[in-house]
Amino acid sequence: MADYNMHVLVCGGTGCKASESEQIKNNFKKYLSELGLADEVQVITTGCFGFCEKGPIVKILPDNTFYTQVTPKDVWEIVEEHIVKGRKVKHLLYKDPKNDHLIPDATGMDFYKKQIRIALRNCGFINPENVEEYIARDGYAALGTCLSEKTPEEVIQVVKDSGLRGRGGGGFPTGLKWELTRKAAGDQKYVVCNADEGDPGAFMDRSILEGDPHSVIEAMAICGYCVGADKGLVYIRAEYPLAIQRLKVAINQAKEYGLLGTDILGTGFHFDIELKYGAGAFVCGEETALIHSMEGLRGEPTVKPPFPAESGYLGKPTNVNNVETFANIPVIINKGAAWFSAIGTEKSKGTKVFALAGNINNVGLIEVPMGTTLREVIYDIGGGIKDGKEFKSVQTGGPSGGCLTKDFLDVPIDYDNLLKAGSMMGSGGMIVMDEGDCMVSIAKFYLEFTLEESCGKCTPCRIGNKRLHEILDKITSGKGTREDLDRLRILGNVIKDTSLCGLGQTSPNPVLSTLDNFMDEYLAHVDEHKCPAGQCKKLLHYSIDDEKCTGCTLCFRNCPVGAISGEKRSPHYIDQSLCIKCGVCLEKCKFGAVLIR
Amino acid sequence: MPKIKLAEKTIELIKEICASFDNKEGELINVLHQVQSKLGYLPAEVQEVIARELNMSVAKVYGVVTFYSFFTMKPQGEFPISICMGTACYVRGAEQVLSEFKRQLKIEVGQTTADGKFSLSSLRCVGACGLAPVVMVGEKVFGRVTSPQVLKIIEEYKEVNVEE
C-alpha cells in the first residue's frame, strides 16, 4: 500500500457480496476518478471483516473509520464528505447498542476489543487477489525460513512445541500428525487441505480462503517440506465459488513468484497444489471419506487404522489438515512456538475462530484466545441476545455437538472443557438460541441433517438415527410418552458406541445433550402435550377472543384453508378440525384477538 | 422415467469433457461437475455415456451421482429457488419461509412447477449467516427474508422473460 494516502477497503466476503458490495466498490472507483482522485485513494476488495451482521462494511484507512450497512447510493456521500472534506458520515457509523454512542473508529468497537486474530490476521486487511500485499505482511517469510534455515525435523518440533491442535474438530496435535506422516514409508506422499466445510452455520474456512488464500498455500508448502511430499491437494466444496476462484488466482500468483512449483526459492524443494471439488456430502469432512471422494468414489469412510498417515490418497501416506489449522502455521514459524503456546489454556493453545450466528446481535466471524468464556463471546463480543430476549442455549460443534445452558456460560472454552460439558469444539459453529426456540425441535432439526447426510454404510448410523428421528417426531406431535425418552437415551448411546466413523459416533449428541440440559421441555411435550416455546406447530391451539374480535373479517379472508367463519362485525370462530396452524390469522389480526396456546 | 434421446452434439460434448480429464476413472467427480454445469442435470442416458468413456460400470457412476447432493438427475426450473436450512437460518425462521414458498408455488422440495419456471430445493448454509434467513434464486441472494416477502420474490421472476 505504498503511494496512496488513503485506502477504501470494501468487504468482498460472500455475505457482503450478496448485499451489492461489488457495486459499492465500482461506485467508489467511478466517483474517485471523476474527481481526479484515483491516484491518491486506493479502492480494494478485501476478505471478510467478520462483522457480517451490519454488512456491507466499508473501512477507510488511515483513520480506521468503520462504515456499516453501506448501500451503493451512500458512496457519493462518503466520497464527498469523508474523502474530500474530511468529515465522517455520521449516519453510517457503527452505533454502540448499549448507549447509542457513535463509534468513529473500529478499534473502539466491543466486537473487536476481545479478539486476537491469528488465523484471520489478514482477512479484511489485504486484497486476497494480490500476492504482494500478503508478502508485505510477512507472507512467505515462514516458508523461506523453513526451507533455508531449518531441517524438516526442526520445523515439526516447532509445531509440536506450539501445542497447535487440529481446528477441524478432532483436536489431534498437528505436529504429531506431521511426524507420523514423515515417518511413514513411501516414495510418494501427499498433503491435503480439508476445505469441505459442511457444518451448517460455520463459515470460517470459507472466509479464510476468500480473505487470505496465500496463508493456506504457504502452510501447505511448509507441511510438504516437513512430511516429504511434493504434491498438495485442496478438497473444497463446490458450493464456494468465490473461495475456489480466489484460491486459483493465489495458486497461479504463487507459481509466478516461484513460491510454488519446482525449485522453490532456489532451494531444490518442489511443491505443487491441485484443487479437488466436493459435491455436497457432510461425511466427506471425515478424513477417510474425503480421501475416497478425491479418488472419484462415493465418500464413504473406512475403518481406521490404517490411518491416512500410513495409507491415504491412492494408498500413499497422506497428511490431512483443516484450513484454519494451516492458517496458523506461518505465524507460529515466524513468531515461535513459545509465543503461540503462551496464548490459550493448558491443553488448548492459541486461538479459535468461531462463526457466531443465530439469535444474537452481532452475527459474524470472531477469533478469541482459547479459554475465553462463553459469556464473553456472547455478551461482550456478540452484543447479547437479539430483541432483548432471554438467553436459552448455545449450540457448539454443529450437528455433532451439544446444546449448553446458561449454567455453562462461565466455562472457559477449550477442547476438553467443551467435551466435559457434553458438547464439543467441532469446527467452530456457535449458534445462540433464545427463549423462543424449542430444544426438542432443535434436536430434531440436527437429526434431520444427520439423517440426510449419513452415508448409509453402517447400520447404527443409517437405521439408528432414523429411529431417533421418528421418536422425536412423535414427541413434537404430542404423542410421545415417558418411555420414549428412555428409548432416546438408550438408542443414542448405542449409536455413539457402535458407529463406524465420527459422523455416527457424534450424531446423537444434540439429542443426548438436550435430554440432559432441557429435560423439563421434553417432559412438557410428553406429559402436558405442550411446547413451552410455542414452536411445535402440532401442539399449538389457535382461538379467537370474543371480547377483542371486532369482526373485521381480515383473518377470515386470509385463512388459507377456510377454517375461520363468522359474520361481519361479530366475533369470528376457528374450526379446529380444519386449522393447519399456519399462524396467518395471528399475524394479520390488528386487535390482538387471536390467542395462541 | 421415459428414455431421452441425446443429441449427437451432446454426446460429443460429454466425450470431450471426459477426454479433457484423460478418461481417468479417478476424475469421475470432476467430469460430473463439468457435465452438469453444461447440461444442467445428469439423466441416466448421460451417465451411460460417461461410464462408457471412463471404462467403468454405469452402476458405479449412478452410485456416485446419487451419493452427492450437488448432483441432480432431474432438470431444474428456469429459476431454481433454494432456501438455506442451515442452523443460523433455521433459528431465524427459514422453515416458515420454506413452507410459504411451497404454498405459493404449490410444489414440494425437489419439484419443479408445471410451467417449468421454478424449482424448489433446500440447501445447507451458504455462509451468509449475517443475512439469515437466506433464499437464493439462481445466483442471486436474498437476505432477511420473511414470509410476506415470498410472494414478492416470486412475482419479480414471473415477469422476467428469459428469451429477451
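Computed from a prediction, not measured in an experiment: that's the story for all the values here.

Calculation criteria
- Residues numbered from 1 in each chain as written.
- Chains lettered and ligands numbered in written order.
- Predicted model: local features only at pLDDT ≥ 70, side-chain atom pairs only at ≥ 80, totals over all residues.
- Heavy atoms only, no water.
- Contact = heavy atoms within 4.5 Å.
- Buried area = accessible area lost by both parts, 1.4 Å probe.
- Salt bridge = Lys/Arg side-chain N within 4 Å of Asp/Glu carboxyl O.
- Polar contact = N/O pair within 3.5 Å; in protein donor to acceptor, adjacent residues only side chain to side chain.
- Helix = DSSP H or I, 4+ residues; strand = E, 2+ residues; numbered from the N terminus.
- Core = buried A, V, L, I, M, F, W, Y, C linked by side-chain atoms within 4.5 Å.
- Buried < 20%, exposed > 50% of the residue type's maximum accessible area, 1.4 Å probe, protein only.
- Patch = residues over 30% accessible without salt bridge, like charges linked within 9 Å, V, L, I, M, F, W, Y side chains within 5 Å.
- Areas by Shrake-Rupley, 256 points an atom, 1.4 Å probe, with all protein chains shown as cover.
- Lys, Arg positive; Asp, Glu negative; His and termini not counted.
- Charge placed at Lys NZ, Arg CZ, Asp CG, Glu CD.
- Pairing = 2+ DSSP bridges.
- Axes fitted to C-alpha atoms, helices over the stretch in contact; angles between N-to-C directions.
- Parallel < 35°, antiparallel > 145°, perpendicular 65-115°, else oblique.
- Left-handed = near helix turned anticlockwise from the far one by under 90°.
- Nonpolar A, V, L, I, M, F, W, Y, C, P; charged D, E, K, R; others polar.
- Domains from an automatic or database assignment.
- Phe/Tyr/Trp six-rings, centres within 6.5 Å; stacked < 30°, edge-to-face > 60°.
- pLDDT = per-residue confidence, 0-100.

**Things to note about the interface of chain A and chain B**
Interfaces are often sized by the accessible area lost when the parts come together. Each partner contributes to the interface: chain A provides 53 residues, whereas chain B provides 34 residues. Carbon and sulfur atoms make up 56% of the surface buried where chain A meets chain B, a total of about 3400 Å² over both sides. Our count for the chain A to chain B interface comes out at two salt bridges. In this structure, Lys 276 of chain A engages Glu 27 of chain B in a salt bridge whose closest nitrogen and oxygen atoms are separated by 3.8 Å. Across the chain A-chain B interface, the total number found is 13 residue pairs in polar contact (both at pLDDT 80 or more). Among the secondary structure elements, those contributing two or more residues to the side of chain A that touches chain B are helix H1 (14-18), strand S8 (231-237), strand S10 (269-278), helix H12 (287-294), strand S12 (351-358), strand S16 (429-434) and helix H17 (439-453) of chain A. When residues in the side of chain A that touches chain B are grouped by element, the largest group, seven residues, is from H17 of chain A.

**A short note on the nonpolar core**
Counting 122 residues, the largest nonpolar core has Trp 178 and Ile 222 of chain A as the members making the most contacts within it. The element best represented in this core is helix H10 (residues 213-227) of chain A, accounting for ten residues. With sequence-adjacent residues up to four places away left out, Ile 222 of chain A is seen in contact with Ala 142, Leu 143, Cys 146, Val 155, Trp 178, Ile 329 and Ile 333 of chain A. The next biggest cluster of nonpolar side chains, apart from the first, holds 45 residues, and it includes Tyr 313 of chain A together with Ile 14, Leu 42 and Val 49 of chain B.

**Let's talk about a positive patch on the surface**
There is a patch of like positive charges on the surface, built from Arg 557, Lys 568, Arg 569, Lys 588 and Lys 590 of chain A. Take Lys 568 of chain A: its relative accessible area is 61%, and that puts it in the exposed class.

**So, the pairing of S8 of chain A**
All names here are of chain A. Taken across its seven residues, S8 has six buried, putting it largely inside the fold. As judged from the seven bridges shared by S8 and S10, these two strands associate in the parallel manner. Following the sheet pairing, Ile 236 is matched in S10 by Tyr 277.

**A closer look at unusual backbone geometry**
The step from Pro 305 of chain A to Pro 306 of chain A runs through a cis peptide bond, and the omega angle for that step is 5°. Topologically, Pro 306 of chain A is positioned in the loop between H12 and strand S11 (318-322). Omega for the peptide link from Ala 132 of chain B to Pro 133 of chain B comes to -10°, which places this bond in the cis form. In this structure, Pro 133 of chain B sits in the loop between strand S2 (118-123) and strand S3 (135-137). The phi dihedral of Asp 100 of chain A falls on the positive side, at around 60°, and the residue is not glycine. Here Asp 100 of chain A lies in the loop between strand S5 (94-95) and strand S6 (102-103). One non-glycine residue, Asp 263 of chain A, lies in the positive phi region at around 50°.

**Some remarks on the packing of helix H7 (residues 152-162) of chain A against helix H8 (residues 174-183) of chain A**
Relative placement of two packed helices is described by the angle separating their axes and the distance separating the axes. All names here are of chain A. Following both chains from N to C, one finds H7 and H8 inclined at 155°, their axes separated by 7 Å at the closest point. Taken together, the axes of H7 and H8 lie roughly antiparallel to each other. Crossing of H7 over H8 shows left-handed handedness. Facing Pro 152, Glu 153, Ile 156, Val 159 and Lys 160 of H7, the residues of H8 in contact are Thr 174, Gly 175, Leu 176, Trp 178, Glu 179 and Arg 182. Per-class residue counts for the contact of H7 with H8 are five nonpolar, two polar and four charged.

**A few points about the pattern of salt bridges**
Proximity of charged atoms lets side chains of opposite charge pair with each other. Residues and elements named next belong to chain A. On inspection of all chains with the given rule, the structure shows 36 salt bridges over all chains. When the shortest N-O distance is used, the salt bridge between Glu 376 and Lys 114 registers 3.2 Å. In this pair, Glu 376 is assigned in helix H15 (residues 374-381) and Lys 114 in the loop between helix H4 (110-113) and helix H5 (131-136), connecting sequence segments 262 residues apart. Ionic pairing is found between Glu 239 and Arg 237, a salt bridge with its closest N-O pair at 3.6 Å. The exposure class assigned to Glu 239 is partly exposed, which follows from its relative accessible area of 30%. Relative accessible area serves as the criterion here: at 7%, Arg 237 is assigned to the buried category.

**Let's talk about the side chain of Thr 345 of chain A**
Residue and element names in this part refer to chain A. Examined against the element boundaries, Thr 345 turns out to sit in the loop between helix H14 (337-341) and S12. Given a relative accessible area of 18%, Thr 345 falls into the buried group. There is a polar contact of 2.8 Å between the side chain of Thr 345 and the side chain of Asp 414. Contact partners of Thr 345, with chain neighbours within four places excluded, come to Met 370, Gly 371 and Asp 414.

**Thoughts on the domain arrangement of chain B**
Per the domain assignment, the segments making up chain B are domain 1 (8-67) and domain 2 (79-158). For domain 1 of chain B and domain 2 of chain B, the distance between their C-alpha centres works out to 30 Å.

**A short note on the pairing of strand S13 (residues 364-369) of chain A**
All names here are of chain A. Burial runs high along S13: six of the six residues are buried. Burial along S13 is two-sided: the face carrying Gly 364, Ile 366 and Val 368 and the face carrying Leu 365, Glu 367 and Pro 369 are both buried. The sheet contact formed by S12 and S13 spans six bridges and is antiparallel. Bridged to Leu 356 within S13 is Gly 364.

**A short note on the packing of aromatic side chains**
All names here are of chain A. Tallied over the entire structure, the rule returns 21 aromatic pairs over all chains. Between Tyr 31 and Trp 76, the aromatic rings sit 5.1 Å apart at their centres with planes inclined by 75°, giving edge-to-face as the arrangement. Residue Tyr 31 is located in helix H2 (residues 21-34), and its partner Trp 76 is located in helix H3 (residues 75-84); the two are separated by 45 residues in the primary sequence. On the basis of relative accessibility, which here comes to 16%, the residue Tyr 31 falls in the buried class.

**Describing the confidence of the model for chain A**
Looking at chain A as a whole, its pLDDT mean stands at 93, while 100% of the residues score no less than 70. Per-element mean pLDDT across chain A ranges from 83 in H1 of chain A up to 98 in H10 of chain A.

**Notes on the domain arrangement of chain A**
Partitioning chain A into domains gives domain 1 (6-113), domain 2 (131-340), domain 3 (351-434), domain 4 (439-527) and domain 5 (541-596). Placing the centre of domain 2 of chain A and that of domain 5 of chain A at their C-alpha centroids yields a distance of 59 Å.

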